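# Structure assessment
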Amino acid sequence: MNSDNELARIIKIKFSTSPNEPASHQLEKIKQDIQALVAKGITPSEKDWADIVKKYCPDAVNHVYAGVDTSDLITLMQLATKKQDD
């Protein structure tokens, strides 16, 4: 599974997107917004992720839980900022 597929799968599970989201064009927009934050020296928070996903996947249900394992966010950020190898 390539990094975009893995990122889409994690977003779908974590942010309860519809079964067809994020589509490839939505995923690209999400990655661009995350990369823009990272370029400004900002480490995207769970709220940042939720807001960006909701922006491009309007059917997503935003559930932000206190005490969520931040390794999920680290994995998301690594996948979103990774150069595509495939």
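First things first, this report covers the structure right here in the doc. Remember, it's a predicted structure, so these values are computed and weren't measured experimentally.

This part covers the overall build of the protein chain. What the protein chain contains, in helices and strands, is four helices and zero strands. For the protein chain, the proportion of its 86 residues judged to be buried stands at 36%. Of the roughly 5100 Å² of accessible surface on the protein chain, a fraction of 53% belongs to carbon and sulfur atoms.

Moving on: the nonpolar core. If you look at the biggest cluster of nonpolar residues, it comprises 19 residues, and the most contacted ones within it are Leu-7, Ile-11, Phe-15, Ile-30, Trp-49, Val-53 and Leu-76. Of all the elements in the fold, those that place two or more residues in this core are α1 (3-15), α2 (24-39), α3 (46-56) and α4 (71-81). Setting aside residues up to four positions removed in sequence, Val-53 forms contacts with Ile-11, Phe-15, Thr-17, Ile-30 and Ala-60.

Attention now moves to α1. Given a rise of 1.5 Å per residue, 13 residues ought to cover 18 Å, and the 18 Å separating the end C-alpha atoms of α1 matches this to within 8%. Where α1 begins, the capping side chain belongs to Asn-2, and its oxygen is found 3.0 Å from the backbone nitrogen of Asp-4. Trailing α1 by a residue or two, Ser-16 shows a phi angle of about 50 degrees, which is positive.

Here the focus is the side chain of Gln-26. Mapped onto the fold, Gln-26 is located in helix α2. Exposure remark for Gln-26: the relative accessible area of 9% places this residue in the buried category. Within polar-contact distance, the side chain of Gln-26 engages the backbone oxygen of Tyr-56 at 2.7 Å. When residues no more than four places from it in sequence are discounted, the contact partners of Gln-26 are Asn-20, Glu-21, Tyr-56 and Cys-57.

Rules of the game
- Residues numbered from 1 in each chain as written.
- Predicted model: local features only at pLDDT ≥ 70, side-chain atom pairs only at ≥ 80, totals over all residues.
- Heavy atoms only, no water.
- Helix = DSSP H or I, 4+ residues; strand = E, 2+ residues; numbered from the N terminus.
- Buried < 20%, exposed > 50% of the residue type's maximum accessible area, 1.4 Å probe, protein only.
- Areas by Shrake-Rupley, 256 points an atom, 1.4 Å probe, with all protein chains shown as cover.
- Core = buried A, V, L, I, M, F, W, Y, C linked by side-chain atoms within 4.5 Å.
- Contact = heavy atoms within 4.5 Å.
- Expected span 1.5 Å × (residues − 1).
- Polar contact = N/O pair within 3.5 Å; in protein donor to acceptor, adjacent residues only side chain to side chain.

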